[in-house]
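Below, each chain spelled out in residue letters.
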Amino acid sequence: MFRFRRKKVRRRSRRTSSVTKHYVENKEVARELVLARLAVFNRHYSLKWNRVAIRNQRRCWGSCTSLKNLNFNYKIIFLPPHLQDYIIVHELCHLKELNHGQNFWNLVAETVPDYKQRIAEVKVIDKLGGSVKLLTKLQENYLSGAKAPAKPESGVATSLEQWCESCERNVVCSCSFDKDSALDQDHQTKIHSASPAKT
């Protein structure tokens, strides 16, 4: 007779990765930021939501469910303030319009009229990977640029930003990352002409 021995399965204790630790350390800071900005923009919209969750997601910046739950990526705190506001307004508007139709975009435009430029900036960040290191550098560049913007000598795009003549400031622009085509000054001016200059 054969006896079947039961194999002992060793279970590894689950280690907390550095990414998880970073998420836990910054989760409540992100929640405070999101709730504060939701309150500011909701003065205009007067919408109601059930729950606000802060998540550790790789790609998604935010979402809104049909149950009126708002979810945000904790990395939102590492974005420049104008992009934080765009993402928060975007998800807030989904409480009324749970789609990306024209009514939705009109609703977003009520508080973020230059939303198209901000979408382009978020797409560039997504293409670059959206790592915390990149986001931190981008935010530092943005905040330091807010105090004293400096025009690059050659006018060539930097690794994250490009000088915009109409804004007279450094901005993240999708055209500055398109390696297959040369920068088109006319296109650049159209994209950034609606954005207010930083003071």
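Our subject is the structure listed above.
The notes below deal with the structure included here. (Residues numbered from 1 in each chain as written. Predicted model: local features only at pLDDT ≥ 70, side-chain atom pairs only at ≥ 80, totals over all residues. Heavy atoms only, no water.)

### Some points on the overall build of the protein chain
Each helix and strand in the protein chain was counted, giving 6 helices and 5 strands. Order of helices (α) and strands (β) in the protein chain, N terminus to C terminus: α-β-β-β-α-α-α-α-β-β-α. For the protein chain, buried positions account for 42% of its 199 residues. If you take every contact in the protein chain between residues at least 6 apart in sequence, the share linking residues at least 24 apart comes to 50%. Of the roughly 13,200 Å² of accessible surface on the protein chain, 51% is carried by carbon and sulfur atoms. (Helix = DSSP H or I, 4+ residues; strand = E, 2+ residues; numbered from the N terminus. Buried < 20%, exposed > 50% of the residue type's maximum accessible area, 1.4 Å probe, protein only. Contact = heavy atoms within 4.5 Å. Areas by Shrake-Rupley, 256 points an atom, 1.4 Å probe, with all protein chains shown as cover.)

### What to know about the environment of serine 63
If you trace the backbone, serine 63 turns up in strand E2 (residues 62-64). Judged by relative accessible area, serine 63 falls into the partly exposed class, the value being 23%. Expressed as a C-alpha distance, the spacing of serine 63 and histidine 94, which sit 31 residues apart in the sequence, is 8.4 Å. In contact with serine 63, not counting residues within four places along its chain, are Asn69, Leu70, Asn71 and Glu91.

### Topic: the packing of helix H2 (residues 81-93) against helix H4 (residues 115-128)
At a closest axis distance of 10 Å, the pairing of H2 and H4 adopts a crossing angle of 105°. Judged by the angle between their axes, H2 and H4 are roughly perpendicular. Mapping the contact onto sequence places His82, Leu83, Asp85 and Tyr86 in H2 and Tyr115, Arg118, Ile119, Glu121, Val122 and Ile125 in H4. A breakdown of the residues in the contact of H2 with H4 according to their chemical character gives 6 nonpolar, 1 polar and 3 charged. (Axes fitted to C-alpha atoms, helices over the stretch in contact; angles between N-to-C directions. Parallel < 35°, antiparallel > 145°, perpendicular 65-115°, else oblique. Nonpolar A, V, L, I, M, F, W, Y, C, P; charged D, E, K, R; others polar.)

### Thoughts on the nonpolar core
Membership of the largest hydrophobic core comes to 37 residues, with the highest contact counts inside it found for Val34, Leu38, Phe72, Ile76, Leu79, Tyr86 and Val108. Those elements that provide at least two residues to this core are helix H1 (18-45), strand E1 (51-55), strand E3 (69-73), H2, helix H3 (102-109), H4 and helix H5 (132-147). Ranked by residues supplied to this core, first place goes to H2 with 7 residues. With sequence-adjacent residues up to four places away left out, leucine 79 is seen in contact with Trp61, Gln84, Ile87, Ile125, Leu135 and Gln139. (Core = buried A, V, L, I, M, F, W, Y, C linked by side-chain atoms within 4.5 Å.)

### A word on the side chain of lysine 75
Locating lysine 75 in the fold gives a position in the loop between E3 and H2. Despite its burial, lysine 75 pairs with no opposite charge, the nearest such side chain being aspartate 126 at 9.0 Å. Discounting residues that sit within four places of it in the chain, lysine 75 has contacts with Gln57, Trp61, Gly130, Val132 and Leu135. (Lys, Arg positive; Asp, Glu negative; His and termini not counted. Salt bridge = Lys/Arg side-chain N within 4 Å of Asp/Glu carboxyl O.)

### Details of the pairing of E3
Judged by how many residues are buried, E3 sits mostly within the fold: 5 of 5 residues are covered. On E3, burial covers both faces: Asn69, Asn71 and Asn73 on one face and Leu70 and Phe72 on the other are all buried. As paired elements, E1 and E3 share 5 bridges and run parallel to each other. Bridge assignment links valine 52 to a residue of E3, and that residue is leucine 70. Pairing between E2 and E3: 3 bridges, direction antiparallel. What sits directly across from serine 63, in E3, is asparagine 71. The loop that links E2 with its antiparallel partner E3 comprises 4 residues; one of these, lysine 68, has a positive phi angle of about 65°. (Pairing = 2+ DSSP bridges.)

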